[in-house]
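Summary of structural features
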Amino acid sequence: MVKRNTGFASVAAGYLFPEIARRRNAYEHAHPDVRVISLGIGNTTEPLSPHIAQAMATYAQALSTPAGYSGYGDECGARALREKIAAVYYRGIVTPEEVFISDGAKCDIARVQTVFGRDVRVAVQDPAYPVYVDGSVLVGAAGKHVDGRYDGIIYLPCTPENGFLPDLSVVPDDSLIYFCSPNNPTGVASTRAELTTLVEYAVAHGCIIIYDAAYALFIRDEQLPKSIFEIPGARSCAIEVNSFSKPAGFTGVRLGWSVVPRELAFADGTPVATDWTRVMTTLFNGASNIAQQGGLAALSETGMRDMHSTIDYYLENACLISDTMRGANFAAAGARVFSTGNAPYVWVAFPGRSSWELFDEILSTCGVVTTPGAGFGRAGEGFLRFSAFGHRDDVAEACRRLARLSL
C-alpha cells in the first residue's frame, strides 16, 4: 500500500474555527429566538466597489467574444498588474519582475515552505495565524506535535510585557522567521525601529523573513511602515506576501501577490526568485484573468479611493468595539484593550480568565461570537480577538449587548 505523507499525519486537526462553529450551532439550537452576531471571523462583509466589480464584469463579458477571449495568462501574473503594484503600491521600491501574482496571501504562505523544504528551522510569532505553522508541518519542517506545540518550531511570544515584539535572540541562525504586521490576531502594527531590529537580526544571522503584510493598507499612522522593504537591508533577507482580500473585499475573488527581491539568495548563491518562479509555474498556473482585471481597477485612482473608504468603514467598526471594551463593566473585570486604529482587530486581555471560558460567557449572555486567543497559540491564552469585519448595524448592536454584560 502507498504510505501516507507524514506531514499530513503530523498536522494537528483543525480546532479553533470548527470548535467555534460547533459552540455557536449548539447555542443557536438552544436559543432559536436570539439573533447571533459574529465579531469573530476575519471575513469581509461589505460589497465590492462598483468600479472594481464593473471592471471584472466587463472583462468577463468580453470573454464571450473572439476579440475579448483570453486563455492561459502568465503564470507569474499579468505584466500590467505587476507594473501597477510596483508603481502604485510600492512607489518604485520594488520592480515589476520582483512581483508575483497569486490567488491570495494564504495560498502563497502555504506554498512558500516548498521552496525551503523540511530541513529549515522555522520561527513564528505567538500568537500567530495558524497557516505559518501548518504549512511547515505539511512539508515535514515542524517536528513532532507535543502538548499542543511542535517541537521543531521556535515560538516567539508577543505579549504586552514585551511590547508585542518578540525576543529574536532565541531564533537559530539560518531560520525562516514568519512575521505579520499589522498582526493577526493582536492588531499591532510594528514601528520602523522594531522592523529595523528584525531586519538587522535576519541579516546578521542568515535568516529569511516571510513578511505577511495582508493588512498593511489598514495602517493610518503615517509614521508606521506599510512594507518591510521600507527598511534598509530588507531586500537581502525578506519575502513579502500581500493580498487584495481585506482592502478590496476579494476574500472570495482570490487575488494576492508576493515580492521576492533579486538580492535574496540561498546559501549557495542561487536567487530565491529562481525557485519561487518554479513554484509559480509548476505548482500554480496563474491567477484568474478576471480577478487580475479587478486588481488593476483597485489600483486606479478611483479604486484606491474606494478601498480606503471601505477600510475606513471597518476601522470605524474597530473604534466602536474598542470603545465598548474600554467601558466601565470591562474595566471592572480588569480587561486591557489593545487597539491602535491601524488594524481591523481588537485584542483584549482578561487576566486570570480562560479564553474559551470568556468565549462561552459572552456567547451565552450576549449572543455575540468572538475568537478565543488561545486558538492562535499559548501566548493568546486569556485574550479574545474581536473582528471589525461586519455590517455597521450588527457591530453597533453587538456593542450595545456587550456594554450591558457583567463579568
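Structure's up top.
Every chain is numbered on its own, with residues counted from 1 as its sequence reads. Thresholds applied to this predicted model are a pLDDT of at least 70 for local features of residues and 80 or more for the giving and counting of side-chain atom pairs; totals over whole chains, interfaces and linings are not thresholded and use all residues. Hydrogens and water molecules were not included; the side-chain quantities draw on all heavy atoms of the structure.

The helix count covers DSSP runs of H or I at least four residues long, the strand count covers runs of E at least two residues long, and both are numbered beginning at the N terminus. An expected span of 1.5 Å times one less than the residue number is assigned to each helix. Taking 1.5 Å per residue, 13 residues should reach 18 Å; helix H3 (residues 50-62) reaches 18 Å between its end C-alpha atoms and fits that length. When accessible area is computed with a 1.4 Å probe and restricted to protein chains, residues below 20% of their type maximum are described as buried, those above 50% as exposed, and intermediate ones as partly exposed. By the burial criterion, the buried members of H3 are Ile52, Met56 and Tyr59. Buried residues of H3, seen end-on, are gathered within an arc of 65° and therefore sit on one face of the element. Of the exposed residues in H3, the ones pointing more than 90 degrees away from its buried face are Pro50 and Gln61. Contact partners of the buried residues in H3: helix H8 (245-248) and helix H10 (289-298). For this quantity, the arc is that covered by the directions from the helix axis to the C-beta atoms. We call two residues contacting when some pair of their heavy atoms lies within 4.5 Å.

Strand pairing requires that DSSP identify at least two bridges connecting the strands. Read across the open sheet, the 4 strands follow the order E11-E12-E15-E14; overall the sheet is antiparallel. Every other strand in the sheet has two partners, leaving strand E11 (336-338) and strand E14 (371-372) as the edge strands with one partner each. Strand direction decides the pairing type here: E14 and strand E15 (residues 383-387), joined by 2 bridges, are antiparallel. By the bridge assignment for E15, threonine 371 is matched with arginine 385. Against the sheet, helix H11 (residues 301-325) contacts E11, strand E12 (345-349) and E15, and its axis sits at roughly 15° relative to E12. Helix axes are fitted only over the stretch in contact, all axes being lines through C-alpha atoms; the angle between N-to-C directions runs from 0 to 180 degrees.

Locating leucine 299 in the fold gives a position in the loop between H10 and H11. Considering only alpha carbons, one finds leucine 299 and threonine 281, 18 residues apart in sequence, at a separation of 25 Å. When near neighbours in sequence (up to four residues on either side) are disregarded, leucine 299 contacts Leu81, Lys84, Ile85, Val88, Phe244 and Met304.

Let us look at the state of the cysteines. Sulfur atoms of two cysteines make up a disulfide when they are within 2.5 Å. One pass over the structure, following the stated rule, counts 0 disulfides. The thiol of cysteine 158 is unpaired, and the distance to the nearest cysteine sulfur, on cysteine 180, comes to 10 Å. Between cysteine 399, a cysteine without a disulfide, and cysteine 366, which holds the nearest cysteine sulfur, the sulfur-to-sulfur distance is 11 Å.

Buried Ala, Val, Leu, Ile, Met, Phe, Trp, Tyr and Cys residues that are joined via side-chain atoms within 4.5 Å together make up what is termed a nonpolar core. Ranked by size, the top nonpolar core spans 90 residues in total, and within it Ile85, Phe116, Ile228 and Phe244 carry the most contacts. For phenylalanine 244, the residues in contact, after removing those within four places along its chain, are Leu81, Ile85, Gly249, Phe250, Leu255, Gly256, Trp257, Gly295, Ala298 and Leu299. Grouped together as the second largest cluster of nonpolar side chains are 23 residues, Ala318, Val348, Cys366 and Cys399 included.

It is worth spelling out the pairing of strand E2 (residues 99-102) at this point. Two faces, one strand: in a regular strand the side chains alternate between the faces of the sheet. Residues of E2 alternate between two faces, with Val99 and Ile101 on one and Phe100 and Ser102 on the opposite face, all of them buried. Pairing geometry for E2 and strand E10 (residues 256-259), over 4 bridges, is antiparallel. When the sheet's bridge partners are listed, phenylalanine 100 is paired in E10 with serine 258.

What follows concerns the environment of alanine 80. Secondary-structure assignment places alanine 80 in helix H4 (residues 79-89). Look at alanine 80 and you get partly exposed, because its relative accessible area is 41%. Along the primary structure alanine 80 and alanine 331 are separated by 251 residues, whereas in three dimensions their C-alpha atoms are 51 Å apart.

Looking now at the sheet that holds strand E6 (residues 153-157). Taken in spatial order, the 7 strands of this open sheet run E2-E10-E9-E8-E7-E3-E6, and their pairing is mixed. Sheet topology places E2 and E6 at the edges, where each strand pairs with a single neighbour. Pairs of neighbouring strands in the sheet enclose a mean axial angle of 20°, with direction left out of account. Relative to strand E8 (residues 208-212), strand E7 (residues 175-180) is paired through 5 bridges, and the arrangement is parallel.

Below, the discussion takes up the side chain of arginine 235. Mapped onto the elements, arginine 235 comes out in the loop between E8 and strand E9 (238-243). One polar contact links arginine 235 to glutamate 98, side chain to side chain, over a distance of 2.4 Å. Not counting residues up to four positions away in its chain, the partners in contact with arginine 235 are Ile93, Val94, Glu98, Phe229, Pro261, Arg262, Glu263 and Leu264. Think of a polar contact as two N or O atoms within 3.5 Å of one another; within protein, one of them needs to be a possible hydrogen donor and the other a possible acceptor, and neighboring residues in sequence only count if both atoms come from side chains.

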